[in-house]
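Each chain, written out:
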Amino acid sequence: MLRTVLAGLKARPTRLLLSALAIALGVAFVSGSLILADAVHAGVRAAVAYQLRGVDADITMRRGDLDDSVLSQVRRLPGVATAEGRTVISAPLLKDGHARDAGAMALPADEQLRPFDVAAGRLPDKADEVATATEVGYSPGQRVTVFDQDGKQHQYAVVGTFSRPTDAGIGAPQLVLMADAVRQLAPRQGYGEIVVRAAPGVDARQLGDTIAQTIRGVEVATGDQAAAELLSNAASDSARLTKFFTAFATLAMVVAGLVIVNSFTILVTQRARELALLRCVGAGRSQVFVSVLIEAVVVGAVASVVGLFAGLGVAAALQVGNPAGVHVPLTVRTAIESVAIGVLVTALAAAVPARAATRVAPVEALRTPIEGKSDRAGIVRAAAAVAALAVGVGAGVLSLSTDMDTGAALAVVAMVALLVAALAIGPMLVGPVVRTLSGLFAPVLGQPAKLAALNADRNPKRTAASAATLTIGLAVVTLVTTVAAGVEAGQSRGVDQQLAADFTVTTAVATRPLPDNLAATLARVPGVAATAERVSFSGVLGSHGAYGMTAISGDAVGSLVRPVVLSGRLDHLGPGEIAVSKQLATETGLSVGDTVDAKVPLHVVAVYDSVNAPGVDLGLALVDLAQRPAITLAGGAGYDESLLVKLASGVDADQVRPSLEHALSAEPLAQLNSTAEIKDQMTTPLRGTLNLLWALTALAVVIAFAGIANTLSLSVLERTRESALLRALGLTRGGLGATVMTESVFVALLGAACGLLVGVVSAWLLTRVASTDAEPVLFTLPWPRLGVLLAAAVLAAPLAALLPARRASRQSLTAAMADQ
């Protein structure tokens with residue numbers, strides 16, 4: 001039997017080519033995801049290794065910073081070769097007239113404790129020199145301007161650049177200065193940590209114990225322990241990324257598995273006579289079953305190996321634009337897992353057709369094979385579709401009447417159930433859909449449209465199975481696209497509801513407050529109706545504890561700022577009044593009418609919900625600006641300060657903006673943003689994620705079209721004599737090719753319509769569940785993107801059918817008529 005299987009594979013390699021392509025693409029995504037995960041982990045490990053190279057002991061404090069006195073104590077301890085204070089300060093760069101965020105650190109005197117390598121030039125040795133990270137874009141010989149913590153400008157000569165792995169979230173600096181220069185930029189800044197290199201022959205653990213026993217109030221870890229902690233903190237982000245890609249890899253393999261099921265089902269049908277002959281010469285049912293599985297395993301193994309190496313390209317493509325470069329580590333584990341997954345999915349997908357092959361009776365060897373025409377939906381399939389639909393509707397209804405977390409889970413259940421219902425009911429839809437499409441296409445295409453409908457409706461299960469792969473891919477991308485559009489529209493509405501001002505002014509340095517007179521300066525600009533200060537701070541609410549709060553001019557509440565009021569009134573805030581957020585009200589039990597026993601009594605006048613937008617964050621509680629000094633946490637300072645600017649009615653914002661920018665020209669740290677720019681800042685990450693999701697889901701859609709092409713190719717082989725007969729009756733080569741291509745379009749439209757419908761319904765449900773008054777998620781159909789999806793399906797279908805159509809039209813008439 002093994003020789004028979006191998007001979008069959010050798011004799012019919014092209015019939016399995018597109019099936020192999022589907023598996024190869026799926027495995028490419030799996031291996032690409034695994035390789036990318038390994039690359040991320042390797043990047044994190046490299047970043048941590050650079051950060052702590054040469055470090056034998058790492059000293060930190062649970063609260064506060066370390067200072068020079070502690071550093072001096074450490075340096076005097078026996079067994080310490082050298083110790084360096086390390087911290088990264090905020091040092092914004094002046095680029096193109098605006099401040100850009102950057103971090104700076106002091107140059108370690110000990111070369112072995114430097115967490116970077118020189119890339120070009122040299123490191124600074126004077127207070128007016130600086131080295132910059134390669135990704136910043138400066139080169140030796142240029143000059144840079146840096147802001148200190150008080151907003152003053154300092155110029156430095158770039159003498160070199162340095163490189164290190166991506167910071168992986170551990171806070172690597174972009175600038176390296178001499179220690180004196182760092183103190184000039186941040187004179188009040190202590191050390192976040194002190195790194196120690198042990199003297200030769202001194203054990204790192206013993207050194208750590210000595211430091212901990214000598215210096216009280218500090219936490220000491222060995223270099224290995226500090227690295228492990230950094231890795232654990234950074235690993236959570238990389239683990240989430242891995243899960244994200246794994247989810248789409250699973251989607252790709254599910255689609256590839258459906259392609260294999262459909263392909264081998266067709267192949268078993270076409271080989272009924274061959275399998276029956278094997279039964280006639282003594283092959284048992286189990287041998288026939290194993291022969292089909294061996295064929296699938298061989299195809300899966302070869303395709304998986306191809307997909308494994310294609311995954312290198314997928315991983316490289318997903319890293320395009322990465323400042324750290326492209327890294328594609330291929331490990332033995334990745335190779336084994338990728339090939340094993342590909343072979344396993346292929347074998348499992350082929351198991352059902354293989355079982356069907358065992359039911360081929362020996363008498364089939366005497367019959368002429370024809371395309372199965374009895375594969376229509378039965379009662380069991382109809383019942384399954386109804387049951388799945390009932391589950392989907394039930395879960396959807398329940399999701400609308402529960403809390404958000406439970407509702408989201410039920411909404412996902414509803415989506416899966418609706419998708420299952422759509423796949424189950426697919427064969428029942430084939431006939432009505434293709435006949436309707438035939439009526440629409442016939443006036444343009446003529447007879448090919450009618451023949452395409454007859455071919456598609458001849459075996460509804462096969463047609464529906466081909467369309468199912470496209471349904472799954474488009475359902476997911478439609479869901480994501482529609483929900484993203486709803487989130488974007490909701491954020492826009494939320495900002496419009498909460499912010500009545502036309503502009504905000506923020507500072508590029510968190511520790512640098514805006515000038516006290518800036519509000520008055522902007523108020524004098526022609527066209528400006530009102531300005532208001534807003535600042536976030538840590539405030540004490542008596543026995544309830546300290547919370548992040550926002551102070552704003554009381555008369556600006558209701559006019560410049562209008563959060564969603566859940567209870568009470570919030571048209572003004574005066575002394576002795578406080579409005580609490582929904583979250584704070586839930587945590588503390590405060591409600592309208594209560595009094596907070598803070599340093600000064602505060603009367604709760606409202607409970608609100610708000611949008612967290614740049615420069616407009618309202619925190620957990622809202623008080624009048626004059627009330628802030630009385631309730632500020634001891635030693636606390638304001639942060640995230642902004643000015644709100646409202647224009648007079650009827651004034652064009654574009655005309656006033658140049659005047660506002662001129663008024664701010666003396667304050668380079670001040671950043672002016674319009675309402676539209678605030679919305680864009682909020683939605684930019686969402687759009688980037690959406691584009692990535694489109695790219696990832698595109699591979700599943702490509703696999704789906706490979707499945708459609710495979711089905712049509714096998715169907716063309718199956719209809720060889722029929723096609724020849726049509727040619728003999730007068731159908732031209734072009735007409736025969738058009739028939740195959742039109743059938744592909746019909747299948748694609750069926751799959752696209754089902755996928756769009758399931759995706760849109762699921763998106764409507766999720767938007768209803770996730771929407772709140774302050775942060776609404778609107779159900780908005782992104783017609784341009786959905787139109788692109790549908791157009792891509794229609795245009796890709798003829799391309800998928802190009803080879804099958806060419807094969808059908810180029811067959812020899814006499815040879816095809818004699819085909820058995």
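Residues numbered from 1 in each chain as written. Predicted model: local features only at pLDDT ≥ 70, side-chain atom pairs only at ≥ 80, totals over all residues. Heavy atoms only, no water.

## Notes on a nonpolar patch on the surface
A surface patch of nonpolar side chains, amounting to about 260 Å² of accessible area, comprises V305, F309 and L330. Mapped onto the secondary structure, V305 falls in helix α8 (residues 285-318). (Patch = residues over 30% accessible without salt bridge, like charges linked within 9 Å, V, L, I, M, F, W, Y side chains within 5 Å. Areas by Shrake-Rupley, 256 points an atom, 1.4 Å probe, with all protein chains shown as cover. Salt bridge = Lys/Arg side-chain N within 4 Å of Asp/Glu carboxyl O. Helix = DSSP H or I, 4+ residues; strand = E, 2+ residues; numbered from the N terminus.)

## Quick notes on the packing of aromatic side chains
Tallied over the full model, the rule gives two aromatic pairs. A centroid spacing of 5.0 Å and a plane angle of 45 degrees characterise the contact between F116 and F162, whose relative ring orientation is tilted. Here F162 lies in strand β10 (residues 153-163) and F116 lies in the loop between β6 (103-106) and β7 (117-121), a separation of 46 residues in the sequence. Arranged with centres 5.4 Å apart and planes meeting at 80 degrees, the rings of F441 and F746 form a pair that is edge-to-face. With F441 in helix α11 (residues 404-445) and F746 in helix α20 (residues 733-770), the pair connects residues that are 305 residues apart, well separated along the chain. F441 sits in the partly exposed class, given a relative accessible area of 26%. Residue classification places F746 among the buried positions, given a relative accessible area of 1%. (Phe/Tyr/Trp six-rings, centres within 6.5 Å; stacked < 30°, edge-to-face > 60°. Buried < 20%, exposed > 50% of the residue type's maximum accessible area, 1.4 Å probe, protein only.)

## Observations concerning the nonpolar core
In this structure, I703 and F705 are the most contacted members of the largest nonpolar core, which totals 94 residues. If you tally residues by element for this core, the top one is helix α18 (residues 675-718), at 16 residues. In this view, I703 contacts A22, L25, G26, A252, V255, A256 and V259; residues no more than four positions away in its chain are not counted. With 27 residues, the next largest nonpolar core counts L93, V130, A133 and F162 among its residues. (Core = buried A, V, L, I, M, F, W, Y, C linked by side-chain atoms within 4.5 Å. Contact = heavy atoms within 4.5 Å.)

## Here we look at helix α17 (residues 653-663)
Where α17 is concerned, the buried positions are V656, R657 and L660. On an axial view of α17, the arc spanned by its buried residues comes to 120 degrees, and they lie on one face. When the buried face of α17 is taken as reference, the exposed residues oriented beyond 90 degrees from it are D654, Q655 and H662. The elements touched by buried residues of α17 are β14 (503-507), α14 (518-523), β15 (528-540), β22 (639-647), β23 (670-674) and α18. (Arc of directions from axis to C-beta.)

## A look at unusual backbone geometry
Even without being glycine, D640 reaches a positive phi, approximately 50 degrees. Looking at the secondary structure, you find D640 in strand β22. Residue D640 is classed as partly exposed on the basis of its relative accessible area, which comes to 32%.

## Quick look at the pairing of β22
Inspection of the sheet shows β14 paired to β22 by four bridges, in the antiparallel sense. Pairing of T506 across the sheet is with S642, part of β22. Pairing geometry for β15 and β22, over seven bridges, is antiparallel. In the strand pairing of β22, R534 is matched with S642. (Pairing = 2+ DSSP bridges.)

## Remarks on the pattern of salt bridges
Going through the model one piece at a time under the given rule, you end up with 18 salt bridges. Across the pair R657 and E677 runs a salt bridge, and its minimum N-O distance is 3.1 Å. Within this pair, whereas R657 is found in helix α17, its partner E677 is found in helix α18, the two being separated by 20 residues in sequence. Of the residues examined, R657 reaches a relative accessible area of 18% and is grouped as buried.

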